[in-house]
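What the coordinates show
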Amino acid sequence: MVDSTRPAPDTVGFLYPGYSAEDEYPRLEGMLGGDSGDIRLPLVHTDIGEDAHRVDALLEMGSAARLAAGVAELAERGARAVVWACTSASFVFGWEGAHDQVRELSETAGLPASSTSFAFAHAVQALGAERVAIAATYPEDVADHFRAFLKAAGAEVVAMRGSGIITAAEVGTWGREEVLELARAGDHPEAQAVLLPDTALHTAAWIPDLEAELGKPVLTANQVTVWEGLRLLGRDPVHDRLGTLFARSGG
């Protein structure tokens, strides 16, 4: 029997490109919602077209038509906000273009909306970090678009590493050691936080390890995407296994 007196869960819907690290979302839902189930993070897969970290392919991947196709299903699943869970196919549109992308998504869904690129920008601001380093799976020409996006958001990028990985499918196979090595290689002594910007990368289980290894906050794509979605609903969840971002009440 449904308990009609129980408040409806805070539900954020995610549009996720293809299949790679989508299992991060039920993991994060379980960590944040716990036994109460008061947080729900339903996910709908979008058609990505060509799986390629290449600017032309990413612009098509993040097109309004591809995002709009998944909105109705998220609404049916009770979403009260929606986030485009992709970094590269949002920042490649540039600062203004990425704003247009989420504005169109919000209008289509009739809900507050954001994207992983803005999640990173807002998370960096919440941490009070002025200087950051980028440890990217992408080729460097794609990663450079993220550098420009963060600069437009007011952050100084003191170091950037691109790994040259073309497909999300390959990134999704990376395990703990590859993720730790990526973060180490991308760090810089002047960076106040290190950013790993790819929602195809599994990181949710290893954020404490990453921060312990580097001795500073680490922001990863699926982590900040979920944080951003909950922020849209006015939620500020605290969790001791999701890094500095989630340990900071009031962030």
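All of the points below concern the structure found in this document. A quick note: this is a predicted structure, and the numbers were derived from the prediction, not measured.

Comments concerning the pairing of strand β1 (residues 10–17)
- Taking burial as the measure, the eight residues of β1 include eight buried ones, the bulk of the element.
- Here β1 shows no split at all, with D10, V12, F14 and Y16 on one side and T11, G13, L15 and P17 on the other all buried.
- Across two bridges, β1 lies against strand β2 (residues 39–40) in parallel orientation. In the sheet register, T11 faces β2, and the bridge partner there is R40.
- Alignment of β1 against strand β4 (residues 81–84), held across four bridges, turns out to be parallel. Within the sheet, the bridge partner assigned to L15 lies in β4 and is W84.
- Judged from the four bridges that link them, β1 and strand β3 (residues 43–46) form a sheet pairing that is parallel. Bridge pairing in β3 places P17 opposite T46.

Section: the packing of aromatic side chains
- A full pass over the atoms with the stated rule returns eight aromatic pairs.
- Pairing F14 with Y25 gives two aromatic rings, centres 5.0 Å apart and planes at 45°, and the pair type is tilted. Linking F14 in strand β1 with Y25 in helix α1 (residues 24–33), this pair joins segments that are 11 residues apart in sequence.
- Ring centres 5.5 Å apart and planes at 70° place the aromatic pair F120 and F146 in the edge-to-face group. You can see F120 sitting in helix α7 (residues 116–127) and its partner F146 sitting in helix α8 (residues 140–152), a full 26 residues away along the chain.
- You can call F120 buried: its relative accessible area is 0%.
- For F146, a relative accessible area of 0% translates into the label buried.
- One aromatic cluster is present, built from ring pairs that chain together F91, F120, Y138 and F146.

Here we look at the sheet that holds strand β8 (residues 193–196)
- An order of β7-β6-β8-β9 is seen for the four strands of this open sheet, with the pairing classed as parallel. Here the strands that pair on one side only, and so sit at the sheet edges, are β7 (156–162) and β9 (218–220). Each strand of the sheet is rotated relative to its neighbour by a mean of 20°, with strand direction disregarded.
- Along the sheet face, α8 touches β6 (131–136), β7 and β8 and points at about 165° away from the line of β7.
- Each of β8 and β9 is contacted by helix α11 (residues 207–214), which is oriented at about 145° to β9, the strand it contacts most.

A short note on α1
- Along α1, the residues classified as buried are E24, Y25, L28, L32 and G33. An end-on view of α1 places all buried positions within 135° of arc, on one side of the element.
- Turning to α1, the residues buried within the fold contact β1, β2, β3, α12 (221–232) and α13 (243–247).
- Following α1 by one or two positions, G34 adopts a phi angle in the positive range, close to 55°.

Parameters and conventions
- Residues numbered from 1 in each chain as written.
- Predicted model: local features only at pLDDT ≥ 70, side-chain atom pairs only at ≥ 80, totals over all residues.
- Heavy atoms only, no water.
- Buried < 20%, exposed > 50% of the residue type's maximum accessible area, 1.4 Å probe, protein only.
- Helix = DSSP H or I, 4+ residues; strand = E, 2+ residues; numbered from the N terminus.
- Pairing = 2+ DSSP bridges.
- Phe/Tyr/Trp six-rings, centres within 6.5 Å; stacked < 30°, edge-to-face > 60°.
- Axes fitted to C-alpha atoms, helices over the stretch in contact; angles between N-to-C directions.
- Contact = heavy atoms within 4.5 Å.
- Arc of directions from axis to C-beta.

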